[in-house]
Structure formats: C-alpha cells, structure tokens
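One letter stands for each residue in the lines below.
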Amino acid sequence: MKFQRIKGTRDIYGKEYEILMEFYQRAKKTMDKFGYSFIITPTFEDVNLFIHSTGETTDIVEKEMYVFEDKGGRKVALRPEGTPSVLRAILENDIEIPCKVAYFANMFRHEKPQKGRFREFYQLGVEYIGYIDPLVDFEMFLIIRELMDIFEVKNYYFEVNSMGCIDDRKRYKEELKNYLSEKLEVLCNDCKRRFQRNPLRILDCKIDAEKIKDFPRITEFLCDGCAEHFEKLKMYLNKNNIKFSINPKLVRGIDYYTKTVFEVKSGRLGAQDALGGGGRYDGLMKIIGGPDTPACGFAMGMERIMLASEYKLPYEKDLIFIVYTSPELKEKAYNLYLFLTKETLKCDIVLDTKSLKSQMRRANKKGAKYVVILGEEEEKMGGYKIKDMEKGEEKFIKKENLPDYFKNI
Ligand code: AMP
C-alpha cells in the first residue's frame with residue numbers, strides 16, 4: 001500500500017532543507033543581537049486559546065483551524081499562529097515583562113493550497129511585550145529590514161495602517177457598516193455574511209474592491225492618542241529611510257490588533273505576496289487572563305521567504321566515498337569512514353556488500369569527488385588508492401597521510 005502526503009503539506013529536503021536551516025541560524029543571530037530569547041511552545045493548545053485571542057469570527061478560527069478531541073476528551077487545536085501561545089507561555093511561566101521573545105515553528109491552517117500557501121508552513125515570529133512606545137513598533141520594521149538583508153530578499157516593500165484602539169474601532173465599524181449597508185445588495189455572498197459578524201473583513205474582498213472604492217478610512221477615526229502614535233511611527237520610519245505606503249484596506253485577518261498593523265510584501269511572489277505581517281496587540285494579554293500589557297510583533301512565512309530570496313548555497317563540501325574490494329574489508333572501511341567523519345570531512349560508504357563496480361557506480365551517482373579504495377594490495381602496502389572522480393586520476397596514499405591529503409586539496 002502506498003501513501004501520499006496530506007494535501008497542502010510538504011516534504012522539505014535536500015537544498016531547500018539546507019537553506020531553511022541556514023536562514024534559521026542567521027535569523028537566530030540577528031534576534032540575539034536585538035536581545036530576543038527563543039521559545040518553543042507546544043504544537044497543540046486548548047482550542048479556546050485561539051477562539052478567545054485570534055477571534056471567533058476570523059477566517060483562521062472559523063474556517064481554517066485543525067481542531068480535534070484528544071483521548072482525554074479535551075478539544076485541542078494545532079496552532080494556526082504563534083502569538084496566543086507565546087502570551088499564554090509568558091503568563092503560565094511567570095516570564096518577566098517587559099520581554100522580547102522569538103520563535104521558529106510550524107503553523108497549521110486549512111486553507112486552499114496554492115503557490116506560497118500551504119496547510120502546514122513555517123514561521124519566524126517575533127514578539128516585544130510590555131511597552132506602548134511607538135519605538136517598539138518601529139523596531140519591528142528595523143528587524144524585518146535586517147532579516148530581509150540576511151535572507152537576501154531584495155524586492156520587498158512595507159504597507160502600514162492603524163486600526164486605532166478598541167473604542168476607535170467600534171466607532172469605525174459603525175461608520176463602515178452605515179456605508180456598506182447601502183451597497184450590501186450588490187456585494188458577494190461572503191461579504192454579505194461578513195457584514196454582521198466582521199464588516200472589516202469586507203475591505204479585504206478582491207471581488208467587491210471596485211464597488212467599495214470610496215469606503216471611509218479608519219485613520220480618520222483615530223483618537224488623539226492613536227493618531228499621535230501613528231504619526232510618531234511614520235516619523236521614525238521616514239527618518240530612518242524605511243520606505244512604506246499607507247494601505248487603508250490593511251486590517252489583517254486577526255481580531256486582536258490595535259493601532260499599528262503592517263505587512264511586508266514581495267514583488268516576486270504573485271497572489272500570495274505577503275512575506276510577513278504583524279502589528280500591535282495591546283489588549284491581548286488581558287483577554288487571555290493576564291495583566292493589561294501592551295505588545296507588538298510580527299510573523300514571517302519561511303516558505304515565501306525562500307521563494308523570494310536570491311540566496312544560493314555556497315559550494316558544498318566535497319563528498320569522499322569509501323569503497324572496498326572484498327566483504328572482509330568492510331569493517332576496516334567502516335572504521336576509516338568513522339575516522340574521516342571525525343576530521344569533519346563529508347563521507348559516505350555502501351554497507352550492503354556489493355561488487356566494487358557497483359560501489360563505484362553508487363559513488364558516481366552521489367556525486368563523490370574522491371573515492372578511497374581499500375584493497376588487499378594497498379592494505380599490504382599500508383595505504384589506500386584514491387581516485388579523483390573528475391580527473392579520473394588514481395594515486396596511492398599512505399594511511400597516515402590521508403587526512404592531510406584531503407585537508408590540503
Ligand atoms: P499571518 O499570521 O496570517 O499574519 O501570516 C504571517 C505570514 O505567514 C504571512 O505573511 C505569510 O508569509 C505566512 N503565511 C500565512 N499563511 C500561510 C500559509 N497558509 N502558507 C504559507 N505561508 C503562510
């Protein structure tokens with residue numbers, strides 16, 4: 001019986017795996033510099049954590065979450081995003097606030113798979129918890145700019161908006177509903193449904209965009225505090241030469257955002273062009289039972305980063321393949337293999353005893369640059385034959401000279 005991956009999931013291997021690991025290491029270094037500590041939270045959580053924080057009427061919770069009952073009858077969800085888990089962990093472990101936390105983790109959303117959109121995908125997430133200061137929002141852009149540099153993503157741009165505080169949003173929602181109520185008849189069925197439950201999401205609709213061109217802008221409904229916060233952020237961005245445009249439709253698909261929201265997008269990706277997104281979430285800690293604590297963060301999709309990146313793996317280490325002329329020499333060959341791996345050379349060997357010819361074929365197929373041949377003759381002479389697979393040349397090397405031989409080429 002043959003099995004296939006579940007739709008929307010992927011196997012990451014070979015070069016892609018190497019690049020992903022390289023990016024993780026680079027990102028870790030950058031986040032260390034900015035003083036962030038990494039965290040691993042569980043892959044699944046109480047489903048209510050996401051219902052209460054991400055929001056009951058959001059697409060993520062309403063349509064996309066993988067929810068199941070475990071054997072103890074608990075209703076759990078595979079995490080669709082990282083922020084709620086991080087806040088829960090801060091509270092549960094009494095981690096001192098203010099704090100800066102980052103994570104690499106796989107997320108799960110039952111979305112329609114397409115290029116750059118999967119049902120399991122990897123995010124780098126960054127959360128800065130404890131300050132209302134717009135410098136925190138600004139730091140998110142600084143970090144993203146540095147990440148784009150180290151991930152070698154060139155063609156990117158920022159879109160920014162402000163969602164105001166809870167009161168601003170309430171007023172704005174009413175205003176937007178007034179405006180939309182006159183157009184409701186001509187809007188698509190999805191938007192008709194969203195009208196009652198989550199009218200802000202109508203701004204995201206691709207189908208109705210033209211029909212609601214002159215919608216009221218949320219930034220015109222900000223209270224003095226939120227307006228000043230937004231002005232300061234824009235000033236910091238301008239002063240530091242971080243280019244951005246204001247996108248009044250950017251409301252993001254998650255309930256908890258307050259004030260700043262932003263996305264970083266790529267010109268190279270087609271429909272799924274968001275490399276990352278985030279914003280401020282001043283009310284979330286309280287929603288999940290903690291103290292009233294301001295915070296700001298973002299998450300980046302690593303699959304999309306890899307699609308947009310110009311990074312190429314440096315030349316791989318040369319593979320050294322060890323072969324032996326008779327089964328009796330297999331253990332000796334294996335010892336040599338272990339010895340060479342200790343010298344941090346990249347080695348391989350065939351273990352199911354095959355003819356020399358077939359071992360050489362395997363070495364060739366694996367792209368070995370050198371083959372070390374253990375043979376009876378060479379054993380007697382205290383050394384090995386080495387074949388340079390590109391040049392086709394062979395030479396004899398004394399056992400004790402072997403490590404130096406490889407180090408010097
Ligand atoms: P979000 O948590 O929705 O703000 O997403 C943050 C980032 O994660 C996005 O900008 C994408 O780069 C990435 N992302 C979100 N959903 C998916 C998905 N289904 N497949 C791949 N990447 C995703």
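Just so you know, these numbers come straight off a predicted model, no measurement behind them.

Procedures and definitions
Residues numbered from 1 in each chain as written. Predicted model: local features only at pLDDT ≥ 70, side-chain atom pairs only at ≥ 80, totals over all residues. Heavy atoms only, no water. Helix = DSSP H or I, 4+ residues; strand = E, 2+ residues; numbered from the N terminus. Rg over C-alpha atoms; globule rule 2.2 N^0.38 Å. Buried < 20%, exposed > 50% of the residue type's maximum accessible area, 1.4 Å probe, protein only. Contact = heavy atoms within 4.5 Å. Lys, Arg positive; Asp, Glu negative; His and termini not counted. Charge placed at Lys NZ, Arg CZ, Asp CG, Glu CD. Pairing = 2+ DSSP bridges. Axes fitted to C-alpha atoms, helices over the stretch in contact; angles between N-to-C directions. Near = heavy atom within 4 Å. Polar contact = N/O pair within 3.5 Å; in protein donor to acceptor, adjacent residues only side chain to side chain. Areas by Shrake-Rupley, 256 points an atom, 1.4 Å probe, with all protein chains shown as cover. Salt bridge = Lys/Arg side-chain N within 4 Å of Asp/Glu carboxyl O. Parallel < 35°, antiparallel > 145°, perpendicular 65-115°, else oblique. Left-handed = near helix turned anticlockwise from the far one by under 90°. Nonpolar A, V, L, I, M, F, W, Y, C, P; charged D, E, K, R; others polar.

A.B. asks: Would you mind going over the overall build of the protein with me for this structure?
C.D. replies: When helices and strands are counted, the protein shows 14 helices and 16 strands. Relative to the 2.2 N^0.38 estimate, which gives 22 Å for 409 residues, the radius of gyration of the protein is 28 Å and therefore markedly larger than a compact globule would have. Relative to its full complement of 409 residues, the protein shows a buried share of 50%. Sequence-distant contacts, at least 24 apart, represent 69% of the contacts inside the protein between residues at least 6 apart. In the protein, the 71 positive side-chain charges and the 66 negative ones have mean positions that sit 4 Å from each other.

A.B. asks: Got a minute to help me understand the environment of Cys347 in this structure?
C.D. replies: The topology assignment puts Cys347 in strand E13 (residues 346-349). With relative accessibility at 13%, the residue Cys347 sits in the buried group. Sequence separation between Cys347 and Cys223 is 124 residues, and the spatial gap between their C-alpha atoms is 65 Å.

A.B. asks: I keep staring at the environment of Phe34 and nothing clicks. Help me out?
C.D. replies: As for its placement among the helices and strands, Phe34 is situated in the loop between helix H1 (14-33) and strand E1 (37-38). Separated by 220 residues in the primary sequence, Phe34 and Ile254 have C-alpha atoms spaced 26 Å apart. When sequence neighbours within four positions are dropped, the list of residues in contact with Phe34 reads Lys100, Glu139, Ile143 and Glu146.

A.B. asks: Help me understand the sheet that holds E13, please; the structure alone is not making it clear to me.
C.D. replies: Paired through backbone hydrogen bonds, the strands of a sheet run either parallel or antiparallel to each other. Pairing in this open sheet of 5 strands is mixed, and the strands run E13-E12-E14-E15-E16 from one edge to the other. Edge strands, defined here as strands with exactly one partner in the open sheet, are E13 and strand E16 (393-398). Going from strand to strand, the sheet's axes swing by 25 degrees on average, the running direction of each strand aside. Examined bridge by bridge, strand E12 (residues 319-324) and strand E14 (residues 370-374) share 5 bridges and lie parallel to one another.

A.B. asks: Just to check I follow, could you spell out the site of the ligand for this structure?
C.D. replies: Around the ligand, 15 residues are found, and the nearest of them are Arg109, Glu111, Phe118, Arg252 and Ala274. Contact between the ligand and Ala274: an oxygen atom at 2.8 Å from a main-chain N or O atom of the residue. Within the backbone of Gly276, one N or O atom sits 3.2 Å away from an oxygen atom of the ligand. Calculation on the ligand without its partners gives an accessible area of 480 Å², and the protein chains cover 92% of this total. Listing elements by their share of the shell around the ligand, those giving two or more residues are strand E6 (120-129), strand E10 (274-280) and strand E11 (295-301). Among the elements that make up the shell around the ligand, the one with the highest residue count is E10 (4 residues).

A.B. asks: What exactly am I supposed to notice about the pattern of salt bridges here?
C.D. replies: Pairs can form between side chains of opposite charge whenever their charged atoms are close. Enumeration over the complete set of coordinates arrives at 39 salt bridges. Among the salt bridges present, the one from Glu139 reaches Lys100, with a minimum N-O distance of 3.6 Å. Placement of the pair is Glu139 in helix H5 (residues 134-150) and Lys100 in strand E5 (residues 99-108), with a sequence separation of 39 residues. By relative accessible area, Lys100 is classed as partly exposed at 21%. Taking the shortest distance from any N to any O, the salt bridge between Glu390 and Lys369 comes out at 4.0 Å. A residue pair is termed long-range when its members are at least 10 positions apart, and Glu390 in the loop between strand E15 (383-388) and E16 and Lys369 in the loop between helix H12 (356-365) and E14 qualify at 21 residues. Linked by salt bridges that have partners in common, Asp59, Lys63, Arg194, Arg201 and Asp204 make up one network.

A.B. asks: Looking at this model, I keep getting lost on the packing of H1 against H5. Mind explaining?
C.D. replies: Orientation of H1 relative to H5, taken along the N-to-C sense of each, is 150 degrees, at an axis distance of 10 Å. For the element pair H1 / H5, the angle class is roughly antiparallel. Remark: the crossing between H1 and H5 carries right-handed chirality. Of the residues in H5, those in contact with Arg26, Ala27, Thr30, Met31 and Lys33 of H1 are Ile143, Glu146, Leu147 and Ile150. Across the contact of H1 with H5, the residue classes break down as 5 nonpolar, 1 polar and 3 charged.

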